[in-house]
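Understanding the architecture of this molecule
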There are 6 protein chains.
Amino acid sequence: MTAPQIIRDFRRPPAELLAELAGYGVATVHEAYGRRGLLSPEIRPVVAGRRVCGPAVTSLNTAGDNLMVHAAVELCRPGDVLVIATTAPSAHGMVGDLLCTQARARGIATLIIDAGVRDVAGLREMDFPVWAKVISAQGTTKEHGGSVNLPVVCAGRTVHPGDAVVADDDGVVVVAAADVAAVVAAAAARESREAVLRERYAAGESSLDVSSLRPVLDRLGARYVDGG
Amino acid sequence: MTAPQIIRDFRRPPAELLAELAGYGVATVHEAYGRRGLLSPEIRPVVAGRRVCGPAVTSLNTAGDNLMVHAAVELCRPGDVLVIATTAPSAHGMVGDLLCTQARARGIATLIIDAGVRDVAGLREMDFPVWAKVISAQGTTKEHGGSVNLPVVCAGRTVHPGDAVVADDDGVVVVAAADVAAVVAAAAARESREAVLRERYAAGESSLDVSSLRPVLDRLGARYVDGG
Amino acid sequence: MTAPQIIRDFRRPPAELLAELAGYGVATVHEAYGRRGLLSPEIRPVVAGRRVCGPAVTSLNTAGDNLMVHAAVELCRPGDVLVIATTAPSAHGMVGDLLCTQARARGIATLIIDAGVRDVAGLREMDFPVWAKVISAQGTTKEHGGSVNLPVVCAGRTVHPGDAVVADDDGVVVVAAADVAAVVAAAAARESREAVLRERYAAGESSLDVSSLRPVLDRLGARYVDGG
Amino acid sequence: MTAPQIIRDFRRPPAELLAELAGYGVATVHEAYGRRGLLSPEIRPVVAGRRVCGPAVTSLNTAGDNLMVHAAVELCRPGDVLVIATTAPSAHGMVGDLLCTQARARGIATLIIDAGVRDVAGLREMDFPVWAKVISAQGTTKEHGGSVNLPVVCAGRTVHPGDAVVADDDGVVVVAAADVAAVVAAAAARESREAVLRERYAAGESSLDVSSLRPVLDRLGARYVDGG
Amino acid sequence: MTAPQIIRDFRRPPAELLAELAGYGVATVHEAYGRRGLLSPEIRPVVAGRRVCGPAVTSLNTAGDNLMVHAAVELCRPGDVLVIATTAPSAHGMVGDLLCTQARARGIATLIIDAGVRDVAGLREMDFPVWAKVISAQGTTKEHGGSVNLPVVCAGRTVHPGDAVVADDDGVVVVAAADVAAVVAAAAARESREAVLRERYAAGESSLDVSSLRPVLDRLGARYVDGG
Amino acid sequence: MTAPQIIRDFRRPPAELLAELAGYGVATVHEAYGRRGLLSPEIRPVVAGRRVCGPAVTSLNTAGDNLMVHAAVELCRPGDVLVIATTAPSAHGMVGDLLCTQARARGIATLIIDAGVRDVAGLREMDFPVWAKVISAQGTTKEHGGSVNLPVVCAGRTVHPGDAVVADDDGVVVVAAADVAAVVAAAAARESREAVLRERYAAGESSLDVSSLRPVLDRLGARYVDGG
């Protein structure tokens, strides 16, 4: 294995932009981003009903080992989201209540783990929400290399340090730092449009009319037939 | 792809029968129906603790597209259960809060989705329970054909429009319209029997006696051995 | 199939030891046991937020049949944990509210099921927590052989009758009867150490210092680089 | 369980049509049928390099039991394809060399099994190709009910007795009896078109030109950029 | 982790018995053994068309590490079958051509790996058949503990050193050393019976008659109906 | 969806380097690269026994659509490896014999598909080896956007255009263009070392001696015990 490379710092998106992005859910951000950046739906919240947004710190770990999570936690700033990837598919419980205690003390917003988490009863008590692929008590070593703040693949998507991460009950989406401003604008526009649609639907209108889908059905040659 | 076929209407089982069926859970109905009609356990409730029963409206969609859900919603009547299938396995978020707002405005009882759902925080707020295979923010197109109210295969079972659907924390079961009356009767009988059993078990009796399982063990040649 | 063999009794670990073991969660016990005994993370709690500990009664069942669960329940004592395995992978709902009513009447602590469970709404009402691989209403027969209180493989681990079972939100771990005393001692030591660590982390220290991981990074040749 | 229903006979598509259909592979038939009828890709050939076509005989079995396969084999005619479904997901080896010896003696073309097969070394020696979801030696009982020649769901698709089944290295597709003539015509047309395309592609033309995809790219706003 | 325990030797079943057992395939042995001992069908042969039989040497490895495979190879005798398990689910390529060269030099019959294998092109050239869960080039460390010749769980079954292992295209079955003689006798009897059945089926008889299944259908209340 | 971006060209690694790299298998390259770059083992060869090496052309496609494969094929040069990714998990048959005819006419070395392939009988006849996740006849549309020659995530790894791809029976590994020279050197050194090891193992030596593993066992406190 090559020697671990640990990048101390990187550019984070402006705090105001992240604050604005935090106002939108994962589905809206994913749409506003041209349907990009969504992590695999295998990644689920351990505590339901939360929404978190922050800049990514990335940690690549040898499968079954969490040394580079420890190295990464130290480099996180308040509000950061620690994104944890592995060199090979892993279901180990890479993070537990001790690491989360440390993470909370440093003001880390959340951890996104493409592997397992443990001590989930403790995490619920601490009210520290994390997103993970599996819950497992299986322990890891702290001996093997990896990297901190190099780009990683987490749950099927490339994540760069400084990318904006949004996580909620729908899963996790990642927006490249350079695209955050545009995505915020697009998300705002989308929510305005959807607020109008929501009202019209609540009032009983059909999306076939509201979204002009009848011509699409016609173009496909749809035939309505009386049944029954 | 062949042109979409949309059947406007079909016979629903009598409302009184459905009301009676709604009194029984999925496990009881499945048993009362000769252990038929159960959808794959992959289909799970997004909101726990609910039971829903209604006649099926069926929607077949091209994988990754939800045009035929929009076409189906318009044809639903209050109390209907919209059953959503795809032409190929799909984990897309086919339904979100806008479609559910529309569904609720029309009085639709629930949606059963052999694919993904999104905006689940919103759905919990609206208190609109749905059953789905996965939670995913992944968006769909609204461009491709399919059908409404033709028979579909949803999560491993054939569903016809007008079949009675029961969904609860145990999953989803589908009863052919013609069999609803018989299933209601069988479910009632089963529940009476089970109420007696429940009392006897609570009082400390063994199912080996109550259900006459000792002779079965004997017939298999079971040998009891003292251990320890 | 060979004739069912049913061992009436076996040695249980001393009640005081089990009471002590019950004070520790699955992750701690798994670590204290040298990272052994953990069942596959597929086994999940049906009701969250509980911790259960007791001696194993083992039941091996023909896939799709639960006769040997009935035979096993009768032999359980108050506080026992009934561990249910199958001869081939199964997703049937092997246990429901009737069996759980019986189990509760006999004081059984919980059921660990390497298959499915049903009537989960009823189980939540009864407040009877169980751990299972899947929730499914699919019924079983009561006709086929198996064994009670012979060693079984449940979710990837061998379980002997009288082994101590601990189950919580992290999953399930099994400790051989002969090892319980040693594991209790090791768990106590571990918790003491972790209490200290927790305080130091909460106060802002880094695990790189507290757990002496900086020398490990050095040995791996880790290079710190300024980024940004 | 309701009593087994066994339908002795049904209408098969004309032999000439099936002979014509046998000239086309699964991918072509699936396309010619409007992308319908494809079984889940989990169903794989046990012996590679074969193509089989015939009318479906359908057999529904209790999971873990193959009694209704035995009942179905007797009713098959030479050239039939026996489609084997189960009441719940199953990985049992439902069919082995004895059943295949019987099947071959009756001239059955092949078996499509939404479960497991065993004795595959023997099947290769007999040169009897079957399609199945898994290879497993796990045995079944011969005691439980089901049906023969009622519609079944096999690997995610409804199959009626008399439907035409085509199986090859790409998987399995099912065509409703009433649609076979139209599908044969569409498949023939498709193959003619594809023969021309194949020649043009072999000669170095691009599908962007041959299939008029450049306007599609334009409509999507595709931008070509020089790299490197 | 507890210190590795390595048992140098154990009793192997008599060579003559193993030679007799080698005459029967996995499906026959599994049946003759009362349908016990079958490993999960996930374990597949890397080279098709072989049958291997020998006494088990067992090796338990930390997931992602193969040190205890190296320790086990040294203790194998000609004809042994090395059974490789891991402490947690693993898809690493635990064995490649170097270990297989060593294994072959010592006369090891085969390796059964509840994880991954690599260099499969080389293994095919060497004509050294192995059975594994997955093919993966992912490398392992050689640093972590485990055990040799203690009982292990491999692919869902407990394997003791000295158990007889049979592997072929149907998968892998394990027979306890004490049961080998009885299983050989039962397998011989089964094959005799099956040879007769095979002839009768080849001659066109139905298993409904040959295996007396018509009374079973009658008992279930089967109704034959003319169709079509 | 954002407009498709299509990068016409990029730097390929020197042909001599790729020729040298082609001399090593996937397992060796993966090791020589510090255990990096391996695609998920889900990606399997459709035709066994081949090894292919070339520079990556990358194509990102909307799940269920293959328009950007058509756009990518046109930009490939002889010897290129076309790497096909999707915006969401897909099991569609994205490539068949027509696209492969085109690919072969342009001298493309192979296709690596993080989705499905069809017409595999035809591909075997053409002797055009491809690597894919699944075999499925399920067709795609040619209507949706994506990109060509932007970085993609394929089977869990980021692939940049111009990366070197090696594929054989063990799977697929990707080496960044800048690292190819170093990896070739490391692979050569590794093969020399392994040739020596192979001879020593063939002569009966143990890896415990040859690879100095006895001290590792000592350090772990391994205890050798006489058994049986």
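Since we're looking at a predicted model, the values are computed, not measured.

The next thing to look at is the overall build of chain A. Along chain A, the regular secondary structure elements total eight helices and 13 strands. For chain A, the spread of C-alpha atoms along the three principal axes comes to 70 × 45 × 35 Å. Put simply, chain A has 228 residues, and 62% of those count as buried. Long-range pairs, those at least 24 residues apart, make up 74% of the contacts in chain A with a sequence separation of at least 6.

Where helix α4 (residues 97-105) of chain D meets helix α6 (residues 180-202) of chain E, the closest approach of the two axes is 8 Å, and the angle between their N-to-C directions is 20°. With respect to their mutual orientation, α4 of chain D and α6 of chain E come out roughly parallel. Every pair of crossing elements has a handedness; the one defined by α4 of chain D and α6 of chain E is right-handed. In this structure, α4 of chain D uses D97, L98, T101, Q102 and A105 of chain D to contact α6 of chain E, whose residues at the interface are E194, L197, R198, Y201 and A202 of chain E. Counted by class, the contact of α4 of chain D with α6 of chain E contains five nonpolar, two polar and three charged residues.

Residues and elements named next belong to chain B. L82, V95, L111 and V117 are the most contacted members of the largest nonpolar core, which has 38 residues in total. Sorting elements by how many residues they give to this core places helix α3 (residues 67-75) first, with seven residues. Those residues within four positions of V117 in sequence are excluded, and the remaining contacts are V46, H92, G93, M94, V95, L123, V130, A132, V134, I135 and S136.

Okay, the relation of the copies chain E and chain D next. Each copy of the sequence occupies a distinct position, and chain E is placed on chain D by a rotation of 120° and an axial shift of 0.0 Å, giving an RMSD of 0.0 Å. When the rotation and shift are considered jointly, the pair of chain copies conforms to a three-fold rotation axis. Residues of chain E ranked by C-alpha distance from the rotation axis are headed by A48 of chain E, positioned 7.3 Å from it.

Contact with chain E, which involves 34 residues of that partner, is made by 38 residues of chain D. Together, the buried faces of chain E and chain D total about 3,100 Å²; carbon and sulfur atoms form 56% of this surface. At the junction of chain E and chain D, the tally comes to five salt bridges. The interface formed by chain E and chain D contains 16 residue pairs in polar contact (both at pLDDT 80 or more). Breaking the side of chain E that touches chain D down by element, the ones donating at least two residues are α2 (26-32), α6, α7 (207-210), α8 (214-219) and β13 (223-225) of chain E. Tallied by class, residues from the side of chain E that touches chain D come to 15 nonpolar, seven polar and twelve charged. When strand β1 (residues 5-7) of chain D meets β13 of chain E, the two strands line up parallel, connected through three bridges. When the sheet's bridge partners are listed, I6 of chain D is paired in β13 of chain E with Y224 of chain E.

Turning our attention to helix α6 (residues 180-202) of chain F. For α6 of chain F, with 23 residues, the first-to-last C-alpha span of 32 Å sits near the 33 Å given by 1.5 Å per residue. Burial in α6 of chain F covers these residues: V180, V183, V184, A187, R190, E194 and Y201 of chain F. Those residues of α6 of chain F that are buried are in contact with α4 (97-105) of chain E together with α1 (15-21), α2 (26-32), β11 (164-168), β12 (171-175) and α7 (207-210) of chain F. The first or second residue beyond α6 of chain F is G204 of chain F, which carries a positive phi of 105°.

So, on to the interface of chain A and chain C. Facing 38 residues of chain A, the contacting portion of chain C comprises 34 residues. Approximately 3,100 Å² of surface area, both sides summed, lies buried where chain A meets chain C, with 56% of it carried by carbon and sulfur atoms. For chain A, the biggest contributors to the area lost against chain C are I6, R8 and L98 of chain A; these three give 17% of the whole. There are five salt bridges connecting chain A and chain C. A salt bridge links R8 of chain A to D226 of chain C; the shortest N-O distance between them is 3.2 Å. Counting across the chain A and chain C interface gives 16 residue pairs in polar contact (both at pLDDT 80 or more). Of all elements in the fold, only β1 (5-7), α3 (67-73), α4 (97-105), α5 (120-126) and β7 (131-135) of chain A reach the threshold of two or more residues within the side of chain A that touches chain C. Per element, the largest residue contribution to the side of chain A that touches chain C is five residues, and it comes from α4 of chain A.

With that settled, the discussion passes to the pairing of strand β7 (residues 131-135) of chain C. All names here are of chain C. Bridge analysis of strand β2 (residues 44-45) against β7 gives two bridges, and the strand direction is antiparallel. Along β7, the bridge assignment pairs R44 with A132. Direction of pairing for strand β6 (residues 110-117) relative to β7: parallel, over a ladder of four bridges. Of the residues in β7, the one forming a bridge with I113 is A132. Since β6 and β7 lie parallel, the crossover through helix α5 (residues 120-126) that links them has a hand, and here it is right-handed.

In this structure the tally under the stated criterion is zero aromatic pairs over all chains. The ring of Y33 of chain B has R36 of chain B lying over it, and the distance from NZ or CZ to the ring centre is 4.4 Å.

Among the nine residues in helix α4 (residues 97-105) of chain F, seven count as buried, and that is most of the element. Looking only at α4 of chain F, the buried set comprises D97, L98, L99, C100, T101, Q102 and A103 of chain F. Here the buried face of α4 of chain F lies against α6 (180-202) and α7 (207-210) of chain D together with α3 (67-73), β5 (93-95), β6 (110-117) and α5 (120-126) of chain F. Taken from the residues just after α4 of chain F, G107 of chain F is the one with a positive phi, measuring 80°.

Once that is clear, we can look at empty space enclosed by the protein. By the definition in use, this model includes three cavities of 30 Å³ or more. When its volume is computed, the largest cavity comes out at roughly 60 Å³. Together, A63, G64, P89, S90, A91 and H92 of chain A together with A63, P89, S90 and H92 of chain E line the largest cavity. Residue classes in the lining of the largest cavity are distributed as five nonpolar, five polar and no charged.

Right, let's talk about the pattern of salt bridges for a bit. For side chains bearing opposite charge, pairing can occur when the charged atoms are close. With the rule as written, the count across this model stands at 96 salt bridges over all chains. Here D127 of chain E makes a salt bridge to R50 of chain E, at a shortest N to O gap of 2.4 Å. With a gap of 77 residues between them, D127 of chain E in the loop between α5 (120-126) and β7 (131-135) and R50 of chain E in the loop between β2 (44-45) and β3 (52-61) connect regions that are remote in the sequence. Looking at D127 of chain E, the relative accessible area reads 37%, which means it is partly exposed. A network of salt bridges, in which partner residues are shared, links E31, R35, R190, E194 and R198 of chain A together with D97 and R118 of chain B.

With that settled, the discussion passes to the environment of G25 of chain C. Residue and element names in this part refer to chain C. Of note, G25 is situated in the loop between α1 (15-21) and α2 (26-32). For the pair formed by G25 and Y224, sequence separation is 199 residues and the distance between their alpha carbons is 37 Å. Residues in contact with G25, not counting those within four places in the same chain, are R51 and D168.

Next up on the list: the side chain of H30 of chain F. Within the secondary structure, H30 of chain F sits in helix α2. In this structure H30 of chain F touches R118, A137, Q138 and G139 of chain E together with R35, R36, L38 and V173 of chain F, once residues within four positions along its chain are discounted.

The next thing to look at is the side chain of T62 of chain A. Structurally, the position occupied by T62 of chain A is in the loop between β3 (52-61) and α3. Taking the relative accessible area as the measure of exposure, T62 of chain A reaches 15% and is therefore buried.

Another aspect to go through is the environment of T58 of chain E. All names here are of chain E. Along the chain, the position of T58 falls in strand β3. Considered as a pair, T58 and C100 are 42 residues apart in the sequence and their alpha carbons are 16 Å apart. Only 2.7 Å separates the side chain of T58 from the backbone oxygen of L150, close enough to count as a polar contact.

Next up on the list: the pairing of strand β3 (residues 52-61) of chain C. For a regular strand, side chains alternate in direction, first toward one face of the sheet and then toward the other. Residues and elements named next belong to chain C. In terms of burial, β3 is a largely internal element, ten of the ten residues being buried. Of the strand pairs in this sheet, β3 and strand β11 (residues 164-168) are connected by four bridges, and their pairing is antiparallel. Within the sheet, the bridge partner assigned to G54 lies in β11 and is V165. Pairing of β3 with strand β4 (residues 81-86) involves six bridges; the strand directions are parallel. Within β4, the residue paired with S59 across the bridge is I84. Since β3 and β4 lie parallel, the crossover through helix α3 (residues 67-73) that links them has a hand, and here it is right-handed. Inspection of the sheet shows β3 paired to strand β8 (residues 146-148) by three bridges, in the antiparallel sense. Of the residues in β8, the one forming a bridge with N61 is G146.

Cut-offs used in this document
Residues numbered from 1 in each chain as written. Chains lettered and ligands numbered in written order. Predicted model: local features only at pLDDT ≥ 70, side-chain atom pairs only at ≥ 80, totals over all residues. Heavy atoms only, no water. Helix = DSSP H or I, 4+ residues; strand = E, 2+ residues; numbered from the N terminus. Buried < 20%, exposed > 50% of the residue type's maximum accessible area, 1.4 Å probe, protein only. Contact = heavy atoms within 4.5 Å. Axes fitted to C-alpha atoms, helices over the stretch in contact; angles between N-to-C directions. Parallel < 35°, antiparallel > 145°, perpendicular 65-115°, else oblique. Left-handed = near helix turned anticlockwise from the far one by under 90°. Nonpolar A, V, L, I, M, F, W, Y, C, P; charged D, E, K, R; others polar. Core = buried A, V, L, I, M, F, W, Y, C linked by side-chain atoms within 4.5 Å. Least-squares fit on C-alpha atoms with pLDDT ≥ 70 in both. Buried area = accessible area lost by both parts, 1.4 Å probe. Salt bridge = Lys/Arg side-chain N within 4 Å of Asp/Glu carboxyl O. Polar contact = N/O pair within 3.5 Å; in protein donor to acceptor, adjacent residues only side chain to side chain. Pairing = 2+ DSSP bridges. Expected span 1.5 Å × (residues − 1). Right-handed = clockwise from strand over helix to strand, strands pointing away. Phe/Tyr/Trp six-rings, centres within 6.5 Å; stacked < 30°, edge-to-face > 60°. Lys NZ or Arg CZ within 6 Å of the ring centre and 35° of its normal. 1 Å grid on protein atoms, 1.4 Å probe; cavity = no way out; pocket = protein on both sides within 12 Å on 5 of 7 lines; lining within 4 Å. Points joined across faces, edges and corners; volume = space filled by probe spheres on them.

The analysis is restricted to geometry; functional conclusions fall outside its scope.
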